[in-house]
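# Architecture at a glance
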Amino acid sequence: MNAIAPVRRLTVLYDAECSLCAFLRDWLLRQPQLVPLELVPAASEEARRRFPGLDHGATLDEITVVGDAGQVYRGPAAWVVTLWALREHRPLAHRLSTPSGARLAKGAVLAAAKWRGAQGHRGRRGGAQWDGRVYRRADGWSYDPAGGWSYTPPGCADGTCAPR
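What you see is a predicted model; the values in this text were computed from it and never measured.

So, how was this worked out
- Residues numbered from 1 in each chain as written.
- Predicted model: local features only at pLDDT ≥ 70, side-chain atom pairs only at ≥ 80, totals over all residues.
- Heavy atoms only, no water.
- Helix = DSSP H or I, 4+ residues; strand = E, 2+ residues; numbered from the N terminus.
- Buried < 20%, exposed > 50% of the residue type's maximum accessible area, 1.4 Å probe, protein only.
- Contact = heavy atoms within 4.5 Å.
- Areas by Shrake-Rupley, 256 points an atom, 1.4 Å probe, with all protein chains shown as cover.
- Pairing = 2+ DSSP bridges.
- Axes fitted to C-alpha atoms, helices over the stretch in contact; angles between N-to-C directions.
- Salt bridge = Lys/Arg side-chain N within 4 Å of Asp/Glu carboxyl O.
- pLDDT = per-residue confidence, 0-100.

## Some thoughts on the overall build of the chain
Scanning the chain from N- to C-terminus turns up 6 helices and 6 strands. Its helices and strands taken in sequence order, the chain reads β-α-β-α-α-β-β-α-α-α-β-β from the N to the C terminus. Within the span of the chain, comprising 164 residues, buried residues form 34% of the whole. Long-range contacts, defined here as pairs at least 24 residues apart, represent 53% of the contacts in the chain between residues at least 6 apart. Total accessible area computed for the chain in this model is approximately 10200 Å², and 57% of it derives from carbon and sulfur atoms.

## Remarks on the sheet that holds strand S2 (residues 37–41)
Strand-to-strand pairing in sheets goes through backbone hydrogen bonds, with the strands running parallel or antiparallel. Pairing is mixed across the open sheet formed by 4 strands, whose spatial order is S2-S1-S3-S4. Among the strands making up the open sheet, the edge pair consists of S2 and strand S4 (72–74). Looking at each pair of strands side by side, their axes are set apart by 20 degrees on average, direction ignored. Sheet topology note: the strand S3 (residues 64–67)/S4 ladder contains 3 bridges and is antiparallel. Directly across from Thr-64, in S4, lies its bridge partner Arg-74. On the sheet, helix H1 (residues 19–30) packs against strand S1 (10–14) and S2 and is oriented at approximately 160 degrees with respect to S2.

## Points about the environment of Ala-47
For Ala-47, the location among the structural elements is in helix H2 (residues 45–50). With 35 residues separating them along the chain, Ala-47 and Val-12 place their C-alpha atoms 9.9 Å apart. In contact with Ala-47, other than residues within four places in its own chain, are Leu-13, Val-40, Pro-41 and His-56.

## Here's the deal with the pattern of salt bridges
Summed over the entire model, instances satisfying the criterion amount to 5 salt bridges. A salt bridge links Arg-50 to Glu-38; its shortest N-O distance comes to 3.2 Å. Linking Arg-50 in helix H2 with Glu-38 in strand S2, this pair joins segments that are 12 residues apart in sequence. Between Arg-50 and Glu-46 there is a salt bridge, with the nearest N and O atoms lying 3.0 Å from each other. Taken together, the residues span about one helical turn, with Arg-50 and Glu-46 both in helix H2 at a distance of 4 residues. For Glu-46, a relative accessible area of 34% translates into the label partly exposed. Look at the salt bridges and you will find they share partners, linking Arg-9, Glu-38, Glu-46 and Arg-50 into a network.

## Structural notes on the confidence of the model for the chain
Taken as a whole, the chain shows an average pLDDT of 76; of its residues, 62% reach a score of 70 or greater. The low-confidence segment residues 121–132, where pLDDT is below 50, has 25 contacts with residues more than four positions distant or belonging to other chains.

Right, dumping it as structure tokens:
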């Protein structure tokens with residue numbers, strides 16, 4: 001007999017430097033939960049300590065949810081299981097778990113990814129187009145509400161340079 005472990009707690013790994021992700025984190029925390037959600041910044045020291053087997057770079061690019069028995073959900077499945085944990089959104093999660101609903105969930109995830117990409121404005125190297133990666137302050141990116149995103153390469157004044 002192959003028993004499936006029940007889900008009693010979910011950990012949502014989110015990009016703490018993404019305004020949409022931070023908004024959704026705050027929204028999730030305000031929702032009545034049937035299954036407790038823990039929200040942990042993706043690729044953080046806490047995430048690496050708790051989930052050493054995950055590809056933490058990938059968790060920055062795509063929503064990842066980890067169940068208390070080690071279940072890992074990514075992309076649209078992660079959104080569906082997160083909605084399933086919420087009292088008021090469990091019926092929607094059931095609808096999104098059907099074949100036609102899965103297409104809708106995938107479309108929503110792609111729309112969110114496109115919005116995130118549009119926030120990057122330009123690529124990492126001298127005005128090139130966005131390459132699909134997430135931009136980080138540690139890489140030299142900064143945001144000014146009046147002027148948008150700007151890039152300043154990390155300095156090497158102390159003889160060490162940030163790895164590429």
